[in-house]
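So you can see what is in the structure, the chains are spelled out below.
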Amino acid sequence: MADTRQTEQMTSSKGFVAALDQSGGSTPKALKLYGVDESAYGSDSEMFDLIHEMRSRIITSPVFTGEQVVGAILFEQTMDRDIDGTPTAQYLWEQRSVVPFLKIDKGLLDEEDGVRLMKPMPGLDDVLDRAVAKGIFGTKMRSVIDAASASGIAANVAQQFEIAGQVLAKGLMPIIEPEITINISDKAEAEAMLLAELTKQLDALPADQQVMLKLTLPETANTYASLVDHPRVMRVVALSGGYSRDEANARLSENRGMIASFSRALTEGLSAGQDDAAFNETLGKTITSVYNASVAG
């Protein structure tokens, strides 16, 4: 079962959730932005070694602590690896006071009816059991909305809550992430449909269950305020979704009760070529800016 201190931290502590969960498809881009070209590795194994070095450097930085970073989302291989000889999730909590989460989805199906659903997860029970054993607090799963399709969005949200039930049964906290693509022409309409579907599913949850939500920053501030206040919701976090860090922070600061869960926007400006002083200074400024946006709303 979840650590009571972790539950309290995720429910009420000020700060944000770091998304350090780039997987096979997004890792090459993340490494390139970090200054590591594809010529630096010749296999997936070498690629994942390099991304783990990057994540370890972030996590072990003196500026990466629970004072501003309340949680962190890990890729499965990151959970299975160590930092300074300690399993990553254990290191996060014991050394950094950061609550560990695990990305569990296996990627997306092709677009249909305006959405991209999650691929099947046949080994999910085993992954969840391993997560519990390694001290993971919760999970995250991402699907995508590419159009204001009422039927597509309903199917997307229904799939999310179906998997969330499996996660909750293991004593873990699911982060439900139905991402809306930021550059679609009917984004505001899609947000209204998503709000309705999420509310319907949340209203149907038993009184003793909660989930977290990870949502694209909305076109109109406080579109999701009713979800922030919903008794079945532990926390609402926001994804940067391709917005620059400055724009993501500006949008986030206008939304009451939402906190950040940024990935690319968090690592923007970091480089493998920086010495530790420059790296930590850049990361520290980023963490402070994202923290300030997260507590502003």
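Criteria and thresholds
- Residues numbered from 1 in each chain as written.
- Predicted model: local features only at pLDDT ≥ 70, side-chain atom pairs only at ≥ 80, totals over all residues.
- Heavy atoms only, no water.
- Helix = DSSP H or I, 4+ residues; strand = E, 2+ residues; numbered from the N terminus.
- Buried < 20%, exposed > 50% of the residue type's maximum accessible area, 1.4 Å probe, protein only.
- Salt bridge = Lys/Arg side-chain N within 4 Å of Asp/Glu carboxyl O.
- Phe/Tyr/Trp six-rings, centres within 6.5 Å; stacked < 30°, edge-to-face > 60°.
- Lys NZ or Arg CZ within 6 Å of the ring centre and 35° of its normal.
- Core = buried A, V, L, I, M, F, W, Y, C linked by side-chain atoms within 4.5 Å.
- Contact = heavy atoms within 4.5 Å.
- Pairing = 2+ DSSP bridges.
- Polar contact = N/O pair within 3.5 Å; in protein donor to acceptor, adjacent residues only side chain to side chain.

### With respect to unusual backbone geometry
Step number 1: With a phi angle near 55 degrees, Ser 97 is a residue other than glycine that sits in the positive phi range.
Step number 2: Topologically, Ser 97 is positioned in the loop between α5 (88–96) and β5 (99–103).
Step number 3: One non-glycine residue, Asp 113, lies in positive phi territory at about 60 degrees.
Step number 4: Relative to the elements of secondary structure, Asp 113 occurs in the loop between β5 and β6 (115–116).
Step number 5: Accessibility expressed as a relative area gives 40% for Asp 113, which makes it partly exposed.

### Some remarks on the pattern of salt bridges
Step number 1: In total, this model carries 21 salt bridges according to the counting rule given.
Step number 2: A salt bridge links Asp 3 to Arg 5; the nearest nitrogen and oxygen atoms lie 2.8 Å apart.
Step number 3: Among the ionic pairs, Arg 130 bridges to Glu 76, the shortest N-O distance being 2.9 Å. Taken together, the residues Arg 130 in helix α6 (residues 124–133) and Glu 76 in helix α4 (residues 76–80) connect sequence positions 54 residues apart.
Step number 4: Arg 130 sits in the partly exposed class, given a relative accessible area of 29%.
Step number 5: Taking the relative accessible area as the measure of exposure, Glu 76 reaches 18% and is therefore buried.
Step number 6: Taken together, the shared-partner salt bridges connect Lys 187, Glu 191, Glu 219, Glu 247 and Arg 251 into one network.

### Focus: the packing of aromatic side chains
Step number 1: For the structure shown, the criterion picks out two aromatic pairs.
Step number 2: Taking the centre distance of 5.5 Å and the plane angle of 80 degrees together, the rings of Phe 101 and Phe 137 count as edge-to-face. Here Phe 101, found in strand β5, pairs with Phe 137, found in the loop between α6 and β7 (138–145); they are 36 residues apart in sequence, far enough to count as distant. For the pair shown, Phe 101 and Phe 137 are each scored as buried.
Step number 3: Positioned over the ring face of Phe 279 is Arg 57, at 4.0 Å from the centre of the ring.

### Examining the nonpolar core
Step number 1: By size, the foremost hydrophobic cluster in this structure holds 78 residues, and its most contacted members are Phe 16, Phe 64, Ile 104, Leu 194, Leu 213, Leu 215 and Leu 227.
Step number 2: Among the elements that make up this core, the one with the highest residue count is helix α7 (residues 150–169) (seven residues).
Step number 3: Setting aside residues up to four positions removed in sequence, Phe 64 forms contacts with Ala 18, Leu 20, Ile 58, Ile 59, Val 69, Ala 72, Leu 92, Arg 96, Val 98 and Ile 287.
Step number 4: Core analysis: the next-biggest nonpolar cluster, separate from the first, contains 14 residues, Val 70, Ile 175, Val 237 and Ile 259 among them.

### Points about the pairing of β5
Step number 1: Across the five residues of β5, five count as buried, placing the element largely inside the fold.
Step number 2: Going residue by residue along β5, you find Val 99, Phe 101 and Lys 103 tucked away on one face and Pro 100 and Leu 102 tucked away on the opposite face as well.
Step number 3: Bridge count between β5 and β7: three bridges; the pairing is parallel. The residue bridging Leu 102 from the neighbouring strand is Thr 139, located in β7.

### Quick notes on the pairing of strand β10 (residues 233–239)
The two faces of a sheet get side chains in turn, since along a regular strand they alternate between them.
Step number 1: For β10, a buried count of seven out of seven residues is recorded, marking the element as mostly surrounded by other parts of the structure.
Step number 2: In the sheet, strand β9 (residues 211–216) pairs with β10 via six bridges, with the strands oriented parallel. When the bridges of β10 are listed, Met 212 appears paired with Arg 235.
Step number 3: Summarising the sheet, β10 and strand β11 (residues 258–260) pair through three bridges and their orientation is parallel. Counterpart to Ala 238 in the pairing with β11 is Ala 260.

### Observations regarding the side chain of Arg 232
Step number 1: Structurally, the position occupied by Arg 232 is in the loop between α9 (225–228) and β10.
Step number 2: At 2.9 Å, the side chain of Arg 232 and the backbone oxygen of Ala 207 are in polar contact.
Step number 3: Only 3.1 Å separates the side chain of Arg 232 from the backbone oxygen of Gln 209, close enough to count as a polar contact.
Step number 4: Contacts of Arg 232, omitting those with residues within four sequence positions, involve Leu 202, Leu 205, Pro 206, Ala 207, Gln 209, Gln 210 and Val 211.

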